[in-house]
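An overview of the molecular structure
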Amino acid sequence: MLYHLLYPLHTHFSALYVFKYITFRTIYAAITALVISFILGPWLINKLSEHQIGQSIRKVGPESHFKKEGTPTMGGTLILLAIVLPTLLWADLTNLYVWVTLLVTIGFGAVGFVDDWRKVKKKNSDGLSARQKMVWLMLISLAAGVLLYLHPGFKTTLAFPFFKALHPDLGLFYILFAMLVVVGSGNAVNLTDGLDGLAIGPMIIASGTYMLFAYLAGNAKLAEYLQISAVPGAGELAVLCGAMVGAGLGFLWFNTYPAQVFMGDVGSLSLGGALGTIAVITKQEIVLVIVGGIFVMEALSVIAQVTSFRLYGKRIFRMAPIHHHFELKGWPEPKIIVRFWIVSIILALVALSTLKLR
Ligand code: 57M
């Protein structure tokens, strides 16, 4: 909105020309998101406590979690606001990529909201059924995939790190592939969100990484120099990523150990969906496996555990997702969290190195 209101006035006030720059708007989107989080955060946490919107803890889990019973949840509504409002303020709203990403972010957030709300109402940990949730997530990501497919100039090719000449064209199947990435990302972040700050830390790092990817993909010269796929218009997603970084840091302020609030599915699904969509649009879908390596590892640990238990009746981990395994081994919660953040930073650096190693 500010971009549309103020940039045209640069002919009268030359200082307003600065609104043209994606870098400027990205920084202010991040700052706006932080300000929204800091102003609304304490108020929201109070309201959630007042209305007893608290977490029910499963009795089969690690004992260390029993004391978290009643921690306010659904803090993801704050994350959603702190992403959507700054994006509406600072991004170019004629850009389809911005709207597709907002569609998934808000859509996935709505599914998570209904799930959380039902859990809170029933005062147990059963929300929407897994099937209901999956159908809605698939429908939303299908809509996003179709919109991208129909967008003139959007390529349905894949790009692989380390193999610059490999660009298989998936054609119509790209829609299915995009759905897989977006839904997979949403679910993987959801599984990771089981310790204070465990999901939001790697999410901030991943959003920062994709902020750079989006900027580079949107800049024809830089994209050509780095031999990455140029995606005209994708640069605007840097502004949205900036808001994600700000919203993430603002939420971490309250969610860091010992957490004053949990994000709930409204937060984890919307963040995961947003990240997946940005990876698809910037044509850095495969690299998401590296950037979001923590989320991938958490999801794989569940798949491996369930498969092994079903086939051989044996568990690979003491408990899945893998963060529970470390908890049951006796690692203190903050140690697991910070170590996962460190791994996440290393993975982001490896992913960034793929820009050069082609
Ligand atoms: C989300 N939700 C947390 C909070 C958060 C298939 C199976 C592996 C699925 C998995 C599952 O249900 N995952 C979904 C995990 C929950 O947090 C809430 O959920 C939101 C995110 N969706 O925002 O609202 C609990 O996590 C803890 N937490 C924190 N700090 C935070 O900042 O401490 C969350 C955020 C909270 C709190 O305790 O209550 C969750 O873990 O439930 N299921 C599991 O993870 C279960 N694993 C399991 O059954 N493993 C089996 C097999 C089937 C794989 C095995 O290993 O044998 C465990 N979940 C729990 N206890 N809670 C089982 C033990």
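A short tour of the structure in this document, coming up. (Residues numbered from 1 in each chain as written. Predicted model: local features only at pLDDT ≥ 70, side-chain atom pairs only at ≥ 80, totals over all residues. Heavy atoms only, no water.)

1. Some thoughts on the pattern of salt bridges
Two side chains that carry opposite charge are able to pair once their charged atoms sit near each other. For the coordinates displayed, the defined rule picks out 9 salt bridges. Between Glu50 and Lys47 there is a salt bridge whose closest N-O contact spans 3.5 Å. Here Glu50 pairs with Lys47, and both are found in helix 2 (residues 22-50), just 3 residues apart, close to one helical turn. Here Asp196 and Lys68 are joined by a salt bridge, their closest N and O atoms 2.9 Å apart. With a gap of 128 residues between them, Asp196 in the loop between helix 6 (174-192) and helix 7 (200-218) and Lys68 in the loop between helix 2 and helix 3 (76-90) connect regions that are remote in the sequence. (Salt bridge = Lys/Arg side-chain N within 4 Å of Asp/Glu carboxyl O. Helix = DSSP H or I, 4+ residues; strand = E, 2+ residues; numbered from the N terminus.)

2. A look at the packing of aromatic side chains
Here the structure, examined in full by the defined rule, presents 16 aromatic pairs. Ring centres 5.8 Å apart and planes at 5° place the aromatic pair Phe19 and Trp90 in the stacked group. On the criterion of sequence distance, the pair formed by Phe19 in the loop between helix 1 (2-6) and helix 2 and Trp90 in helix 3 is long-range, its members being 71 residues apart. Neither residue differs from the other here; Phe19 and Trp90 are each classed as buried. Through a chain of ring-to-ring contacts, three or more aromatic side chains come together here, namely Tyr3, Tyr7, Tyr17 and Tyr21. Above the plane of the ring of Tyr3 lies Arg25, whose end atom (NZ or CZ) is 4.4 Å from the centre. Sitting over the ring of Phe309, Arg315 keeps its end group 4.6 Å from the ring centre. (Phe/Tyr/Trp six-rings, centres within 6.5 Å; stacked < 30°, edge-to-face > 60°. Buried < 20%, exposed > 50% of the residue type's maximum accessible area, 1.4 Å probe, protein only. Lys NZ or Arg CZ within 6 Å of the ring centre and 35° of its normal.)

3. Points about the site of the ligand
Every one of the 27 residues lining the ligand counts as a neighbour, but Gln55, His65, Asn190, Asp193 and Asp265 are closest to it. Contact distances for the ligand include 3.2 Å between a nitrogen atom and a backbone N or O atom of Gly194. The side chain of Asp196 places a nitrogen or oxygen atom 2.7 Å from a nitrogen atom of the ligand. Here the ligand has 1000 Å² of accessible area as a free molecule, and 82% of this is covered by the chains. (Near = heavy atom within 4 Å. Polar contact = N/O pair within 3.5 Å; in protein donor to acceptor, adjacent residues only side chain to side chain. Areas by Shrake-Rupley, 256 points an atom, 1.4 Å probe, with all protein chains shown as cover.)

4. Let's talk about unusual backbone geometry
For the bond from Tyr257 to Pro258, the omega torsion is -10°, close enough to zero to count as cis. Among the structural elements, Pro258 can be located in the loop between helix 9 (237-255) and helix 10 (264-281). At the junction of Ala320 and Pro321, the peptide bond is cis and its omega measures out at -10° in the coordinates. Looking at where Pro321 falls in the secondary structure, it is placed in the loop between helix 12 (293-312) and helix 13 (322-328). One non-glycine residue, Met74, lies in the positive phi region at around 70°. Take Met74: it is sitting in the loop between helix 2 and helix 3. In this structure, Lys283 takes a positive phi of about 65° despite not being glycine. Take Lys283: it is sitting in the loop between helix 10 and helix 11 (288-291).

5. Notes on the packing of helix 7 against helix 10
When two helices pack together, their arrangement is captured by the angle between the axes and the distance separating the axes. Contact geometry for helix 7 and helix 10: axes closest at 11 Å, N-to-C directions at 25°. Considering the angle they form, helix 7 stands roughly parallel to helix 10. Remark: the crossing between helix 7 and helix 10 carries left-handed chirality. Taken together, the residues of helix 10 that come into contact with helix 7 (itself represented by Ile200, Met203, Ala206 and Tyr210) are Leu271, Gly272, Leu275, Ile278 and Ala279. Residues that form the contact of helix 7 with helix 10 fall into these classes: 8 nonpolar, 1 polar and no charged. (Axes fitted to C-alpha atoms, helices over the stretch in contact; angles between N-to-C directions. Parallel < 35°, antiparallel > 145°, perpendicular 65-115°, else oblique. Left-handed = near helix turned anticlockwise from the far one by under 90°. Contact = heavy atoms within 4.5 Å. Nonpolar A, V, L, I, M, F, W, Y, C, P; charged D, E, K, R; others polar.)

6. What to know about the environment of Lys283
For Lys283, a relative accessible area of 3% gives the class buried. Remark: the alpha-carbon pair of Lys283 and Ala234, spanning 49 residues in sequence, is separated by 9.6 Å. Other than its neighbours up to four places away in sequence, Lys283 contacts Phe154, Lys155, Thr156, Thr157, Ala159, Tyr174, Ser229 and Val231. From its side chain, Lys283 meets the backbone oxygen of Thr157 in a polar contact 2.9 Å long.

7. Re the nonpolar core
Ranked by size, the top nonpolar core spans 90 residues in total, and within it Ile200 and Tyr210 carry the most contacts. The dominant element in this core, judged by the number of residues it contributes, is helix 9, at 12 residues. If we ignore the near neighbours within four places in the chain, the residues touching Ile200 are Ile79, Gly248, Phe251, Leu252, Asn255, Met263 and Leu271. Judged by nonpolar contacts, the second largest core, of 9 residues, contains Ile294, Ile322, Ile337 and Phe340. (Core = buried A, V, L, I, M, F, W, Y, C linked by side-chain atoms within 4.5 Å.)

8. Regarding the side chain of Thr209
Following the sequence through the fold, Thr209 ends up in helix 7. Filtering out sequence-adjacent residues up to four positions away, Thr209 remains in contact with Val291, Ala348 and Leu352.

9. As for a nonpolar patch on the surface
Among the surface-exposed residues, Val135, Trp136, Leu139, Leu142, Val146, Tyr149, Leu150 and Leu172 lie close enough to one another that they form a single nonpolar patch of about 750 Å² accessible area. Relative to the elements of secondary structure, Tyr149 occurs in helix 5 (residues 130-150). (Patch = residues over 30% accessible without salt bridge, like charges linked within 9 Å, V, L, I, M, F, W, Y side chains within 5 Å.)

10. Some details on the packing of helix 3 against helix 4 (residues 96-122)
Contact geometry of helix 3 with helix 4 gives a least axis separation of 11 Å together with a crossing angle of 160°. Taken together, the axes of helix 3 and helix 4 lie roughly antiparallel to each other. Between helix 3 and helix 4 the crossing geometry is left-handed. Contacts between helix 3 and helix 4 involve Thr77, Leu80, Val84, Thr87 and Leu88 from the former and Val98, Trp99, Leu102, Thr105, Ile106, Gly109 and Phe113 from the latter. Grouping the amino acids of the contact of helix 3 with helix 4 by side-chain chemistry returns 8 nonpolar, 4 polar and no charged.

Without other data, these values stay purely geometric and don't point to any function.
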